[in-house]
Amino acid sequence: MNPADIPGLPAGVPDHLRESGIEALYPPQAEAVDAGVTEGESLVASVPTASGKTLIAELAMLSSVERGGTALYVVPLRALASEKQAEFERWNEFGIDVGISTGNYESSEEWLASRDIVVATSEKVDSLVRNGAPWLDDLTCVVADEVHLVDDPNRGPTLEVTLAKLRQLATDLQVVALSATVDNADEVADWLDAELVKSDWRPVDLRTGVHYGDAITFDDDTQREVPVGSGERPTAALVDDTLDEDGSSLVFVNSRRNAEAAARRLSDVTATHLTDAERDELDAVADEIAAVSDTETSDDLAAVVRTGAAFHHAGLAAEHRSLVEDAFRDRLLKAICATPTLAAGVNTPSRRVIVRDWRRYDGDAGGMKPLDTLEVHQMFGRAGRPGLDPYGEAVLLADNHDTMDELFDRYVDADPEPVSSKLAREPAMRTHLLATVASGFARTRDGLLDFLDRTLYAVQASDTTQLESVVDSTIEYLIANDFVEREGEEITATGLGHTVSRLYLDPMSAAEIVDGLRDADDPTPLGLYHLVCRTPDMYELYLKSGDRETYTDLCYERETEFLGRVPSEFEDVRFEEWLSALKTAKLLEDWTREVDEDRLTERYGVGPGDIRGKVDTAEWLLGAAERLAADLELDCVPSVREAKKRVEYGVRDELLDLAGVRGIGRKRARRLFEAGVEDRAALREADKATVLGALRGRERTAERILENAGRRDPSMDDVEADEEADATESVEADDTATPPASEQQASLGDFE
């Protein structure tokens, strides 16, 4: 099918597609058009990665806008949202405005009503529904990217419930669901009342197999010799073999530490394949990476990037990951060693995918557990770049014949598992039932069950007894905590319940926060940090061997600061959870005492991305705590507000005013303070030479900061920096009762 044959598109779009090199649609795309995707028909496209799913979505959205509607593109990750926004902005020349919304869970963001296409995460869309965004009623098309993630126990229920609510809000809503190939795509299509396009077609041939000994054995029984030299690792031999044909490699391992170690080992291989021009460009990328944060992780990543290799995991800062992904797509980086999270993330195709580790740690299983087939197939799908590679190869590693046979049975020859709803889990039901009542989607028990009948769970469940039981227990929990009221058959949200729903809090988190704040007149920052760290919405650091004694001592030393009863040591599980929350809270306290990021990563065994994640989550939860305290007219509001600001800026209280000036940050604020510039009022009047010296001679930075502070004459022309103003370093926290740097731990995130 040619672009000109596609009905319903805005004028000029078919010509643009042809000029972009699309002379004919891929077979799955043509099937989607035949199924009516450009004429308002709902569709589930279950096709492999790189087989044109995004264009199917674009055709649906463009035709929807042409009919006068608004389209919503729902993604699982913020990074993917930014990538899709940039991709869709190519349609601006046709008068189509694209907007993005990924944060601020308390806003309806009415400005989005002026956009033709909106890109958002599923959590953000859920919050928009809760906050009553009126423009959602006018939606005509919603695209759910990676819809197979409804199977995810944590994020899946949000996507599932959100799609059900959107379908109830907007009449005649077209739903286009994009998925990797899954076993039960027909059930997903039944749930969404959609046509199904299911295909194994790929634009680039994919060969899958297992490397054992000195060769790869593929699924068609052919072999490719890849000898492994004496003392050489199979991964290095495979990467080197790929580079001999000018291809790139993605290597999947099971932990962050393994990703970093593997990248260091591969740097010797990739370095030998770089041109002088590539080395120069990689040096520039490495310099950007090193400047992201003052941490050993930044330096380590920069070091391997200079050699053409990189590591990628959730412990990196977002800027780290973005720089690595861009350099890989530009073919500067020759190999990335990554945890499986990259497989479901942004677009990073390669010539060869190497699945080195097919087991990872699972706390529930009590040890190492094989990866799901669907997850490994997601990794496989990254192999082969259309237009760049003649083929793609996906290779698992075996060290004996039995393992080789197991890998063929488990992954190479196997179909991916069916996806199943996780909505009946109590944590998910707790959150979404309150939101469903508060948003007016249901007002009785029967109404809640009727609403849930619109979900994938209802399609898959042969017996609704379990669901009804969970609904009943959840309603009782919400009543007991004053989130909803029941009068006769009618269930309504209380004022507190409405607030909790709009704040996007787990009701159990809200209950914990409210209980803690009610008896707190003047809580300390640590007490508040510990309070929010023991909620379900905070992913705590776990206790490493030796930590229990350290944090037990700290617990008793600072017992008077805690908001709530300290569990007895004999309540083993509760006490350990209390200490895990304390360890997380202590990281936040160190952050607000201006401890360098490098020391924090060493002390707590986490990456800069983990620190940022904990800080962002704590800032959100403390903001919610402030709002709850204000609504309940509690005396602790000022204390909560200050604790939130200190977490936001990462400073002691004397720097709060100064750090609030845009562009300053925690380190610059400390240098300015020690140079005698103690607040923004002083900054407006300070000697420019002092300011320039404290900012280490960076004239443009100094001018921008002075302008942001409201100074009338921010120019630094002819100003000489006062070198004595740069004579101080950041204040460090007292190390009392904190673990030494040698007691590093792996967080559970090591296995993300």
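Structure first, text after, so check above.
Remember, predicted model here, so these are calculated numbers, not experimental data.

K.L.:
Can you walk me through the overall build of the protein in this structure?
P.N.:
For the protein, the count of helices and strands is 31 helices and 19 strands. Here the C-alpha radius of gyration of the protein, 27 Å, is about what a compact globule of 752 residues would show, namely 27 Å. Residues counted as buried form 57% of the 752 residues belonging to the protein. For the protein, the computed accessible surface area is about 30500 Å², with 42% contributed by carbon and sulfur atoms. Here the protein contributes 79 positive and 154 negative side-chain charges, whose respective centroids are spaced 3 Å apart.

K.L.:
Would you mind showing me how to read the nonpolar core here?
P.N.:
It is characteristic of soluble globular proteins that their nonpolar side chains tend to be buried jointly. Core analysis: the largest hydrophobic core is formed by 113 residues, its most contacted members being L72, L166, L517 and L628. Those residues within four positions of L166 in sequence are excluded, and the remaining contacts are L72, V125, V129, L136, L139, V142 and L173. Counting 59 residues, the second-largest nonpolar core is a separate cluster that includes L274, I289, F328 and V353.

K.L.:
Quick question: what am I supposed to make of helix α15 (residues 426–438) here?
P.N.:
Residues that lie three or four places apart on an α-helix share one face, since the helix turns once every 3.6 residues. The end-to-end C-alpha separation of α15 is 18 Å, in line with the 18 Å expected for 13 residues at 1.5 Å each. With 11 of 13 residues buried, α15 lies mostly within the body of the structure. Taken together, the buried positions of α15 are A428, M429, R430, T431, H432, L433, L434, A435, T436, V437 and A438. G440 sits one or two residues past α15 and shows a positive phi near 85°.

K.L.:
Sorry if this is basic, but what is going on with the packing of aromatic side chains here?
P.N.:
Working definition: an aromatic ring pair is given by the centre-to-centre distance plus the angle between the planes. Inspection of every chain in the model, using the stated rule, returns six aromatic pairs. Seen from their ring centres, Y73 and F88 are 5.0 Å apart, and the 70° between their planes marks the pair as edge-to-face. With a gap of 15 residues between them, Y73 in strand β2 (residues 70–75) and F88 in helix α4 (residues 78–88) connect regions that are remote in the sequence. Taking the relative accessible area as the measure of exposure, F88 reaches 0% and is therefore buried. Considering the side-chain rings of F562 and W578, the 5.5 Å spacing of their centres and the 80° angle between planes classify their relative orientation as edge-to-face. Within this pair, whereas F562 is found in the loop between α22 (547–557) and α23 (572–592), its partner W578 is found in helix α23, the two being separated by 16 residues in sequence. Each member of the pair F562 and W578 is classed as buried. The side chain of R666 reaches across the aromatic face of W591, ending 3.9 Å from its centre.

K.L.:
Just checking my understanding: could you explain the pattern of salt bridges for this structure?
P.N.:
Between side chains of opposite charge, a pair can form when the charged atoms approach closely. The final tally for this structure, using the stated rule, is 54 salt bridges. The salt bridge involving D246 is made with R331; its shortest N-O contact spans 3.8 Å. Separated by 85 residues along the polypeptide, D246 in the loop between α8 (234–244) and β11 (249–252) and R331 in the loop between α12 (318–329) and β13 (335–338) bring together distant segments of the chain. D246 sits in the exposed class, given a relative accessible area of 53%. On the accessibility criterion, R331 (27% relative accessible area) is partly exposed. Across the salt bridge formed by D287 and R306, the nearest N and O atoms sit 2.9 Å from each other. With a gap of 19 residues between them, D287 in helix α10 (residues 276–290) and R306 in the loop between α11 (296–305) and β12 (309–312) connect regions that are remote in the sequence. Here D287 falls in the partly exposed class, since its relative accessible area comes to 46%.

K.L.:
Help me out: how do you make sense of the pairing of strand β17 (residues 392–397) in this one?
P.N.:
In summary, the side chains of a regular strand alternate between the two faces of the sheet. Burial within β17 is extensive, with six of its six residues counted as buried. Of the two faces of β17, both are covered, the one formed by G392, A394 and L396 as well as the one formed by E393, V395 and L397. Pairing of strand β8 (residues 206–212) with β17, which is carried by six bridges, proceeds in the parallel orientation. Across the sheet, residue V210 finds its bridge partner in β17, namely L396. Bridge count between strand β14 (residues 352–355) and β17: four bridges; the pairing is parallel. Paired with R352 across the strands is E393, a residue of β17.

K.L.:
I tried to follow the packing of α10 against α12 on my own but got confused; where do I start?
P.N.:
Packed helix pairs are characterised by how far apart their axes lie and by the angle those axes make with each other. Contact geometry of α10 with α12 gives a least axis separation of 9 Å together with a crossing angle of 170°. Viewed along their axes, α10 and α12 adopt a mutual orientation that is roughly antiparallel. Where α10 crosses over α12, the handedness of that crossing is left-handed. Where α10 abuts α12, its residues V285, E288 and I289 lie against H320, L323, V324 and A327. When grouped by side-chain class, the residues that make up the contact of α10 with α12 number five nonpolar, one polar and one charged.

K.L.:
I tried to follow the sheet that holds strand β5 (residues 139–144) on my own but got confused; where do I start?
P.N.:
Strand pairing in a sheet relies on backbone hydrogen bonds. The paired strands run either parallel or antiparallel. Sheet architecture is open: seven strands sit in the order β3-β4-β2-β5-β6-β1-β7, paired in parallel fashion. In the strand order of this sheet, the two ends are held by β3 (98–101) and β7 (195–198), each with one partner. Averaged over all neighbouring strand pairs, the angle between strand axes comes to 15°, with direction disregarded. The pairing of β2 with β5 spans five bridges and is parallel. Paired with Y73 across the strands is V143, a residue of β5. Across the face of the sheet, α4 comes into contact with β2, β3 and β4 (117–121) while running at roughly 165° to β4. Together, β2, β3 and β4 form the strand contacts of helix α5 (residues 122–130), whose direction differs from that of β4 by roughly 105°.

K.L.:
In this structure, what is going on with α11? I would like to understand it.
P.N.:
For α11, the set of buried residues is T297, S298, L301, A302, V304 and V305. Projected down its long axis, α11 carries its buried residues within an arc of 165°, all on one side. On its buried side, α11 packs onto α9 (256–271), α10, β12, α12 and α25 (608–631).

K.L.:
So what exactly am I meant to see when it comes to the side chain of E626 here?
P.N.:
Mapped onto the fold, E626 is located in helix α25. A distance of 3.3 Å separates the side chain of E626 from the side chain of K644, its partner in a polar contact. Among all residues touching E626, those that are not within four sequence positions of it are V637, V640, R641 and K644.

K.L.:
Help me understand the sheet that holds strand β10 (residues 223–225) in this model?
P.N.:
Within the open sheet, the eight strands sit side by side as β10-β9-β8-β17-β14-β11-β13-β12. Their pairing is mixed. The open sheet has two free edges, formed respectively by β10 and β12, since each of these has just one partner strand. This sheet shows a mean twist of 20° between the axes of neighbouring strands, independent of strand direction. Across four bridges, β12 lies against β13 in parallel orientation. Pairing of A309 across the sheet is with A335, part of β13.

K.L.:
Help me out: how do you make sense of unusual backbone geometry in this one?
P.N.:
Peptide bonds are mostly trans, and most non-glycine residues show a negative phi. The backbone of D172 sits at a positive phi, close to 60°, despite the residue not being glycine. Within the element layout of this structure, D172 appears in the loop between α6 (156–169) and β6 (174–179). Exposure remark for D172: the relative accessible area of 75% places this residue in the exposed category. At R331, a residue that is not glycine, the phi angle is positive and equals roughly 70°.

K.L.:
Help me understand the packing of α25 against helix α26 (residues 637–649) in this model?
P.N.:
The geometry of α25 relative to α26 is characterised by a closest axis approach of 9 Å and an angle of 165° between their N-to-C directions. Overall, the two elements α25 and α26 adopt an arrangement that is roughly antiparallel. In terms of crossing hand, the pair formed by α25 and α26 is left-handed. In this structure, α25 contributes R612, V615, A618, E619, L622, G623, A625, E626, A629 and A630 to the contact, and α26 contributes V637, V640, R641, A643, K644, V647 and E648.

Basis of the calculations
- Residues numbered from 1 in each chain as written.
- Predicted model: local features only at pLDDT ≥ 70, side-chain atom pairs only at ≥ 80, totals over all residues.
- Heavy atoms only, no water.
- Helix = DSSP H or I, 4+ residues; strand = E, 2+ residues; numbered from the N terminus.
- Rg over C-alpha atoms; globule rule 2.2 N^0.38 Å.
- Buried < 20%, exposed > 50% of the residue type's maximum accessible area, 1.4 Å probe, protein only.
- Areas by Shrake-Rupley, 256 points an atom, 1.4 Å probe, with all protein chains shown as cover.
- Lys, Arg positive; Asp, Glu negative; His and termini not counted.
- Charge placed at Lys NZ, Arg CZ, Asp CG, Glu CD.
- Core = buried A, V, L, I, M, F, W, Y, C linked by side-chain atoms within 4.5 Å.
- Contact = heavy atoms within 4.5 Å.
- Expected span 1.5 Å × (residues − 1).
- Phe/Tyr/Trp six-rings, centres within 6.5 Å; stacked < 30°, edge-to-face > 60°.
- Lys NZ or Arg CZ within 6 Å of the ring centre and 35° of its normal.
- Salt bridge = Lys/Arg side-chain N within 4 Å of Asp/Glu carboxyl O.
- Pairing = 2+ DSSP bridges.
- Axes fitted to C-alpha atoms, helices over the stretch in contact; angles between N-to-C directions.
- Parallel < 35°, antiparallel > 145°, perpendicular 65-115°, else oblique.
- Left-handed = near helix turned anticlockwise from the far one by under 90°.
- Nonpolar A, V, L, I, M, F, W, Y, C, P; charged D, E, K, R; others polar.
- Arc of directions from axis to C-beta.
- Polar contact = N/O pair within 3.5 Å; in protein donor to acceptor, adjacent residues only side chain to side chain.

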